[in-house]
Amino acid sequence: MKDVTEVDSGQSVLGGLKKGLVKIALIFAALYLAVHFLNRVVSPADYRAFPVIGSRVAAWIVAQLHLYFAAFVLGVPIFAVITEIVAWKTKDERYDKLAHEFTKLLSLAFTITAIFGAFLFLGLYFLYPKFFAFMGKIFKPTYFVYVSLILGEVIYAYLYYYSWNFLTGNYFKRSAISDQQSATHHKSLHIMIGVLLNVWGTLMMFTADAWVTFMMSPAGVDEFGRLQNMWKAVNNYTWMPVNIHRLLGNVAFGGFVAGAYAAVKFLLAKTEEEKAHYDWMGYTGNFVGICAMIPLPFAGYYLAREVYAFNQTMGVTMMGGIFSWLFIIQAVLIGVIFLSANYYFWIGMSRISGGERFAKHQIWMLAVLVLGVAIWMTPHNMPMTSKEMIRTGGAFHPLVGVFGVMSAKNSVVNLIILTTFVSWLLYRRADKIEMAGWSKKGKMVQSAILGLAAAVVIFLGVYGYYVPAAVRIGFSVYQVLSVLFAMVSVTTIDIFLFRNAKRLGDIQWGKMPARSQYALILLAVTIILLMGLMGYLRSGLRESWHVYAVMRDTHPGAFTPTLGFACNVIATTALAFIALLVFIFWLGEEKVSGKQGASSE
Amino acid sequence: MNKAFSKIVLFVFVAIALFVYLGNSVPQVSTEQAGAGNLDYSKMSQDEFVKAGEKIVMGKGTCYICHTIGDHNATRAPDLNNVGARIEARAQEPENRGRLKNGVDYLVESLHEPSAYVVKDFSPIMPKIFKPPIALSRMEIKAVIAFLQSRGGKVTVTPQTVLDTSRWDTEIARAEKGEVEEIKGHPQLGAELFFNQMKCVACHKVNGSGGVLGPDLTAIGAINTVDYLKDSILDPNKVVVKGYKPNVMPRFFKNHLSDADLDNLVAFLMTLKGETH
């Protein structure tokens, strides 16, 4: 099996850094020349047209591809550092090699991200000059911050990758304690570089988030768009919620993409050893993805609350107006994610001796998940003419409309999350029998906590129908807290319960049916589509405004497109992204083959 | 390997195709294009005007998001099905009497200052619809009122009706001004021109000081645009404010002010947003 960590040992750290800095300098130089050239050949205008597809779609595609790759280059380092820390703590070199393997992909991915970023800058500068000039007046100082962060990110990324072998040294190969202690010093330094890489990446994302969230929920400007307070413009209503949502989303994205990569490699594997390795990699990627996915609905709810707090009209447009059907599509996609993730856990139990004991629980878990997703995707508001409304007796369906409200949906989301947690709990226990004397009582307490959390969620969900909206909104906090409490407390009890547990056998990595890998691929494809859909929502909520209620979109062709049109564009960008990602992975493989071939000659 | 890889590619395509199918199967709603709303209301018949109002209520006005038509269990905002039949009674309610003369006044106030009177059991969540982001024009608001009157009542509002919006005229003017303007120039240099070099203050009052031959400019920046101010300086007879005479303001400024001076002067005038005394 190809071992990517064996190659690149010949590359010096300085050589690697130089490579990265030269690349980014070339991109900046090309951008500067392009802007300079455009300034000389075009005459002033408020808007300019892009041929065939129009400016809006052109900017949309470039922005979405830039964001996909940005999510990748932000998510993968988080995944890599988490895995490297696990390797450091458990002294299991597999995790270290996994982290290193993924970090290798960052070099080309960073370049592509930067190229799309340059195209986006150029696109906005050239196609929307009036809007670009306005944003520059507000955020010009942050542009310099952003460029500095890009340089920092490049330095840390290349440093992180090229110093891997040098700083890891013989950490995993030495067995003597004194050797471990001296090796630890270098390994922990490498991990620190990885952490700083992620800090830099996060700060970059926070900076860019200020621009896009300002467009959505402007602050710090007067009603004519004149800047009054820069910090308020940055720290607007939706800035921190989007920061949190994107941070978690990037981790989930990175985990699921890693899982899909492993799944493809598993399906193409020729030996049992390869299958075992990629099965394990897929499980690890999926686990990280699910851990980040679980709190994402809570982060999304926080974001929605801030949208409502900023502007009720925007909030109601989002949930009850022309974007209400988008949330039905979102519910379907998230439902697919949770169903696929649980399905993967359940099939995964078949490779664990003792896992068959818990198969009987899958029926009720599946029932909860399917019912939950069905309720979550039930529509409430439906676009109608006034005559249709009178015939229907209102804007909602008389029967299923009951379930199409937040009281029901918040409740089922919490139940779906609890069920997924139980799936993971059973997976964790699959190959163990607890030996603690208090195991019966411990398990009773765990069941009671889970039951109580579910009861709180359901009770507040039903009660929410009978109280005013302002009270009902507050219930969701208690629902979330009860679920979080259940997950933390049950996990804590489980850790103690299964200490010194009797193992029923080893996990037979690689003994998985092909359909389990398709579940991992589906997870990655779905989260890519979901990201595109949510990006459309964030952008489309502004409707006929570049900056909501401050700078109107006066382009003659400006309008909010249909959901169908949006899905067509999202699908196109998703396919383009997946194709480019496959190319990056393939290129990485070819490089490894080439170098291994050369070294063996 | 090619067969296995082809299966994976096909799987990905099918998954994405299902997403596209789902996205195109749900009800398709889009907002109208920016230029499509420029209707000539003045030529409309009464029925056409009412229909235009309905289109605004169900579209640009976003009223349908909160208001239902025909739902007796509406929770977000009052049902509008027979609103035309209720407006006269609403105007006569004790807390409205004196402030509102008739049902039209009630609708005008409901749209311009929704929190002035909130129907029982509902919350004051309605925004002022002449302001961004909804930003309905005066004519569009009239069309909405005509539609609302048609729901169970008699339609009296036409495109030619002059509504009493005196309580909100300044706010409406500011909202109509709307767009982000590029204001070049330096206000401090403009102030120097205004008070010392060009001596505009000889004829125009600002914050209680100055002449009375021309309009008070204390709040000129709050309700006028850069272009209007430039025109007023360079071609004073183009628009003469009601109550003042033409040919009083000198017309030589276009020869005495450079482009930079004009920008500076206008930049200063745009800073004047105080109350007129």
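Residues numbered from 1 in each chain as written. Chains lettered and ligands numbered in written order. Predicted model: local features only at pLDDT ≥ 70, side-chain atom pairs only at ≥ 80, totals over all residues. Heavy atoms only, no water.

**Comments concerning the overall build of chain B**
Point 1. Helix and strand content of chain B: 11 helices and zero strands.
Point 2. Beginning at the N terminus, the succession of helices and strands in chain B can be written as α-α-α-α-α-α-α-α-α-α-α.
Point 3. Relative to the globule expectation of 19 Å for 277 residues, the C-alpha radius of gyration of chain B, 27 Å, shows a markedly less compact shape.
Point 4. A principal-axis box enclosing the C-alpha atoms of chain B has dimensions of 80 × 70 × 35 Å. (Helix = DSSP H or I, 4+ residues; strand = E, 2+ residues; numbered from the N terminus. Rg over C-alpha atoms; globule rule 2.2 N^0.38 Å.)

**What about the environment of Leu 213 of chain B?**
Residue and element names in this part refer to chain B.
Point 1. Looking at the secondary structure, you find Leu 213 in the loop between α7 (187-197) and α8 (220-223).
Point 2. Separated by 12 residues in sequence, Leu 213 and Val 201 have C-alpha atoms that sit 10.0 Å apart.
Point 3. When sequence neighbours within four positions are dropped, the list of residues in contact with Leu 213 reads Cys 203 and Tyr 244. (Contact = heavy atoms within 4.5 Å.)

**Quick notes on helix α1 (residues 2-25) of chain B**
Point 1. For α1 of chain B, spanning 24 residues, the distance from its first C-alpha to its last is 34 Å, which sits close to the expected 34 Å at 1.5 Å a residue.
Point 2. All of the buried residues in α1 of chain B are Ile 8, Val 12, Ala 15, Ile 16, Phe 19 and Gly 23 of chain B. (Expected span 1.5 Å × (residues − 1). Buried < 20%, exposed > 50% of the residue type's maximum accessible area, 1.4 Å probe, protein only.)

**A few points about the pattern of salt bridges**
Residues and elements named next belong to chain B.
Point 1. Tallied over the entire structure, the rule returns 21 salt bridges over all chains.
Point 2. Between Lys 101 and Asp 105 there is a salt bridge, with its nearest N and O atoms 3.7 Å apart.
Point 3. By relative accessible area, which is 60% here, Lys 101 ends up exposed.
Point 4. Salt bridges here are not isolated pairs; linked through shared partners, they connect Arg 99, Glu 109, Glu 113 and Arg 167. (Salt bridge = Lys/Arg side-chain N within 4 Å of Asp/Glu carboxyl O.)

**As for the packing of aromatic side chains**
Point 1. Scanning the model with the defined rule gives 44 aromatic pairs over all chains in all.
Point 2. Consider the rings of Tyr 125 of chain A and Phe 132 of chain A, whose centres lie 5.4 Å apart with planes at 85°: the pair is edge-to-face.
Point 3. We classify Phe 132 of chain A as buried; its relative accessible area is 15%.
Point 4. Ring geometry for Phe 252 of chain B against Phe 253 of chain B: centres 5.0 Å apart, planes inclined by 50°, an arrangement best described as tilted.
Point 5. Since its relative accessible area comes to 40%, Phe 252 of chain B is described here as partly exposed.
Point 6. Feature note: the residues Tyr 283, Phe 287, Phe 345, Phe 421, Trp 424, Tyr 427 and Trp 509 of chain A constitute an aromatic cluster, connected by ring pairs.
Point 7. A cation sits over an aromatic face here: Lys 89 of chain A above Trp 88 of chain A, 4.8 Å from the ring centre. (Phe/Tyr/Trp six-rings, centres within 6.5 Å; stacked < 30°, edge-to-face > 60°. Lys NZ or Arg CZ within 6 Å of the ring centre and 35° of its normal.)

**Describing the side chain of Lys 187 of chain A**
Residue and element names in this part refer to chain A.
Point 1. With respect to the element layout, Lys 187 can be found in helix α7 (residues 177-216).
Point 2. Overall, Lys 187 belongs to the buried group, its relative accessible area being 0%.
Point 3. A polar contact of 2.6 Å, which involves the side chain of Lys 187, links it to the side chain of Asp 96. (Polar contact = N/O pair within 3.5 Å; in protein donor to acceptor, adjacent residues only side chain to side chain.)

**A few points about the confidence of the model for chain B**
When pLDDT is low, close inspection of the predicted coordinates is not appropriate.
Point 1. Averaged over all residues, the pLDDT of chain B is 84; the fraction at 70 or higher stands at 90%.
Point 2. Reported confidences for the modelled complex are a pTM of 0.82 and an ipTM of 0.89. (pLDDT = per-residue confidence, 0-100.)

**With respect to the nonpolar core**
Point 1. The biggest cluster of nonpolar side chains holds 227 residues, and the ones touching the most others in it are Phe 72, Phe 102 and Leu 533 of chain A.
Point 2. Judged by nonpolar contacts, the second largest core, of 20 residues, contains Ala 191, Cys 200, Val 206 and Phe 268 of chain B. (Core = buried A, V, L, I, M, F, W, Y, C linked by side-chain atoms within 4.5 Å.)

**Quick word on α7 of chain B**
All names here are of chain B.
Point 1. Buried residues of α7: Gly 190, Ala 191, Leu 193 and Phe 194, and no others. For α7, the angular spread of the buried residues around the axis is 160°, confining them to a single face. Counted as exposed and oriented over 90 degrees from the buried face of α7: Gln 188 and Gln 197.
Point 2. Each element contacted by the buried residues of α7 is listed here: α11 (259-269).
Point 3. Phi turns positive, to about 55°, at Lys 199, one or two residues after α7. (Arc of directions from axis to C-beta.)

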